[in-house]
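# Analysis of the macromolecular model
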Amino acid sequence: MGPHPAVAAIRLAVRRVLHDILTEHHSHDSHHSRHPAHAYSPALERPAPSPLVLVACSGGADSMALASALAFEAPRLGIRAGGVTVDHGLQPGSDLRAEEVVLRLRALGLDPVESAAVTVGRDGGPEAAARDARYDALDAAAERHGAAAVLLGHTRDDQAETVLLGLARGSGIRSLSGMAAVSGAGGRYRRPFLQLDRQTARKACMAQSLPVWDDPHNTDPAYTRSRLRHEGLPALEKALGKGVVEALARTAQLSRDDADALDGWARQAEAGVRDAAGLLECGKLYALPPAVRRRILRRAAIEAGAPAGSLFARHIEEIDKLITGWRGQGAINLPGKVVARRQGGRLVIRQG
C-alpha cells in the first residue's frame, strides 16, 4: 500500500523541483567542462559533487512537511539535503525552539543542519523586517554551504494572502503576481508547494506523526497577514464560496505572465525613447501605452538611485504627469534624494 495521499502529494511536488535543480546542475557542469580555460587535468576526471539542497524550516506544518519530503526524495535522486532554521529572537525561548527544530531535521536524516540567530530591525514594519532578516540569514547559509537551492514551504493559501495584500496596497499587477515558484539570486529560492493547500501539508505531518509547532505570531491579530488569514479570507469564502483561494492563486499566475510580458516590452522600448545623449524623450514616451511608459520611468528612477522598495505607484504617477500633463511644473522629489524634472522636452532623473 502506498503512502497517504497528502504525503504522496508533497513528495511529488518536491520531486519535480529537485528534477529541475538536477537538470540545471548538470547543464551548468557540462558548460564548465567544455570551457577552454578548463583544459584537461586529472582533477576533471572526478565526478562533480552532487548538489546540496537546503530546506528553510520553522518547525511549522508547512516547512516540516517540506523537510520530510526533501529527506525522502533527495537520496533517491543522488542529491544531498540539509536544513536551516532561523531564530528571530522575537519570543522568549525562541533559541530552545530553534534547537528543537535542528534535532527534528537531523532525525529526518538531513545534513548539514544549522540554526541561524538574527536580529530583527524596524524597517518597513515588523513583518517586513523579520522577512528581510530571515532571507539575509538563508542567503548567508546557502553561500557558506555552496547550496544549489533553498526550498521554502509557502502554500497556495500563502499565495492567496499575498495577492490580497497586494490588492489592498493598490499597487500594480507585479504585486498581484504574488510569490514566484523560483526567485532570488540565480534562482536560489524554490517554492514547491504553491499549488498545494495548507491543509495538505498539515495532513502529511499527521500521517507521518511529525511533531509540528504552531507559531503564536500566526494567530496574533497585531499582524496584518494573521488578520487576513483568520478573519479576511474566511469572510470572503463565506460571501463568495469556497474556491476563493484557488482563484486568487490563479490570478497570481496570470498576473505574473502579464507583468513579465510588459516588463519585456518596456526593456525593448526603452532604447527607442532615448536620444543620442541617453536622455528620455518626452514626446516618444508619450506615444507609448501607460503600462509600458511607467515601467520605463520606474526603471530610470531606480537606476538613478531611488530604492525600489520605497518607490510607490504615486511617485511614478507624479513623474508620468511631467510627460502627459505638462504645464511647466517643478521638479519631483523621489526617495533616495533622486529628482525628476523636464528640461527642453527631455526627462532628467538624477540624484539631486
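Residues numbered from 1 in each chain as written. Predicted model: local features only at pLDDT ≥ 70, side-chain atom pairs only at ≥ 80, totals over all residues. Heavy atoms only, no water.

## Digging into the side chain of Arg 104
Put simply, the rule reads: Helix and strand labels come from DSSP, where a helix needs a run of H or I of at least four residues and a strand needs a run of E of at least two; each type is numbered from the N terminus. By definition in these notes, contact holds between two residues if any of their heavy atoms fall within 4.5 Å.
Along the chain, Arg 104 turns up in helix α3 (residues 94-107). Those residues within four positions of Arg 104 in sequence are excluded, and the remaining contacts are Gly 59, Met 64, Pro 211, Val 212 and Trp 213.

## Some details on the sheet that holds strand β5 (residues 182-183)
Going by this rule: Here a strand pair is declared whenever DSSP counts at least two bridges between the two strands. Every axis corresponds to a line fitted to the C-alpha atoms, with the helix fit spanning only the stretch in contact, and the corresponding angles, defined between N-to-C directions, vary from 0 to 180 degrees.
Ordered in space as β3-β2-β1-β4-β6-β5, the six strands form an open sheet in which the pairing is mixed. Each end of this open sheet is capped by a strand with a single partner; those strands are β3 (113-117) and β5. Bridge count for strand β2 (residues 80-87) against β3 is five bridges, and the pairing is parallel. By the bridge assignment for β3, Val 86 is matched with Ala 116. Helix-sheet contacts for helix α2 (residues 61-73) involve β1 (52-56), β2 and β4 (149-151), and the interaxial angle to β1 is about 160 degrees. Sheet strands in contact with α3 are β2 and β3, and its direction is about 170 degrees off that of β2.

## A closer look at the pattern of salt bridges
Selection criterion: Any Lys or Arg side-chain nitrogen found within 4 Å of a carboxyl oxygen on Asp or Glu counts as a salt bridge. Each residue gets one of three labels from its accessible area relative to the maximum for its type: buried under 20%, exposed over 50%, partly exposed in between, using a 1.4 Å probe on protein chains only.
Within the structure shown, the criterion is met by 25 salt bridges. One salt bridge connects Arg 104 with Glu 100, and the closest N-O pair in it is separated by 2.8 Å. In this pair, Arg 104 and Glu 100 are both assigned in helix α3, four residues apart and thus about one turn of the helix distant. The exposure class assigned to Arg 104 is buried, which follows from its relative accessible area of 18%. On the basis of relative accessible area, Glu 100 is assigned to the partly exposed category, the value being 35%. Residue Glu 270 pairs with Arg 299 through a salt bridge whose shortest N-O separation is 3.2 Å.

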